[in-house]
Amino acid sequence: MSENLLRITGIKGSPRSQSNSSRMLEEVLKGCNKAAENFNQEIIKNIIKPHERNISACIACFHCDRTGECIYRDDMPELIKTFDRSEIIIVASPIFFNGMPSTLKKMIDRCQPIWASKFHLERPIIDRNKKRRGLLLGCAGAPKYQDQFTALKTVGEMFFKTVNTRLLAQKFIPNTDNQVLEKENELLARFRELGEKLVGEFAKTGRS
Ligand SMILES: Cc1cc2nc3c(=O)[nH]c(=O)nc-3n(C[C@H](O)[C@H](O)[C@H](O)COP(=O)(O)O)c2cc1C
């Protein structure tokens, strides 16, 4: 494997195709591309759309506590491998009822085998020592109010801990039902900067 290769996994929480979440993610990826060119890094991008994947809901049978594996043979084992291989993981999600869409939450709940393999079995199914960096992005339709992003932040942070990924930044944008993100050039530029920062982390300080 090339020393300069960075695998970037973007997780798109919105089920809509033309969504604010996609826009945020696209801008971050543009920043990643720019930094990759500047720093001579090779990147492979992979976008995961949980709502289009075959992911069963966790039924809390605790099979993974005993085996490190899930009873379901759906898309999750492959997605867990993808998280493991990634150097960069970006979650971009809208707020639904003060939390994240159920399709994204279902995917996160199904990361329980990772947690169980580390803390119950002490046989981790992902590399805990690999350097990974993450970004948590959120958007919400209503004007800013208290605790609008609290649940996304709490669950998101736990996901990133579970996949042994250090969060470089979190950015939450309220009022997306009233402001057109497309026209917010300053804001879009901030997302590109975050992408540059993510790739820069590896280009400047290496893989460990
Ligand atoms: C089912 C549902 C629930 C929502 N709940 C909230 C909410 O609790 N708070 C809020 O500010 N916006 C809420 N919204 C608005 C969305 O967060 C907003 O439209 C967002 O831009 C959608 O993200 P997207 O553009 O990435 O699809 C909700 C939207 C839907 C469809």
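This one's a predicted model, so the numbers in the text were calculated from it and none came from an experiment. (Residues numbered from 1 in each chain as written. Predicted model: local features only at pLDDT ≥ 70, side-chain atom pairs only at ≥ 80, totals over all residues.)

Caption draft 1: Quick peek at the pairing of strand E1 (residues 5–12). Among the eight residues in E1, six count as buried, and that is most of the element. Where E1 and strand E2 (residues 42–48) come together, seven bridges link them in parallel fashion. Across the sheet, Gly 10 pairs through a bridge with Ile 47, a residue of E2. After leaving E1, the chain enters helix H1 (residues 20–38) and then returns to the sheet as E2, a path that is right-handed. As paired strands, E1 and strand E3 (residues 88–94) are joined by five bridges and run parallel to one another. Note that in E3 the partner of Thr 9 across the bridge is Ile 89. (Buried ≥ 20, exposed ≤ 12 C-beta atoms within 10 Å, placed from the backbone. Helix = DSSP H or I, 4+ residues; strand = E, 2+ residues; numbered from the N terminus. Pairing = 2+ DSSP bridges. Right-handed = clockwise from strand over helix to strand, strands pointing away.)

Caption draft 2: Local environment of unusual backbone geometry. Even without glycine at this site, Phe 97 takes up a positive phi of about 45°. By the element assignment, Phe 97 lies in the loop between E3 and helix H4 (102–109). Taking the number of C-beta atoms within 10 Å as the measure of exposure, Phe 97 has 8 and is therefore exposed. A positive phi angle, near 45°, is found at Asn 164, a position not held by glycine. Inspection of the secondary structure assignment puts Asn 164 in the loop between helix H6 (150–162) and strand E5 (166–173). Residue Asn 164 is classed as partly exposed on the basis of its 19 C-beta neighbours within 10 Å.

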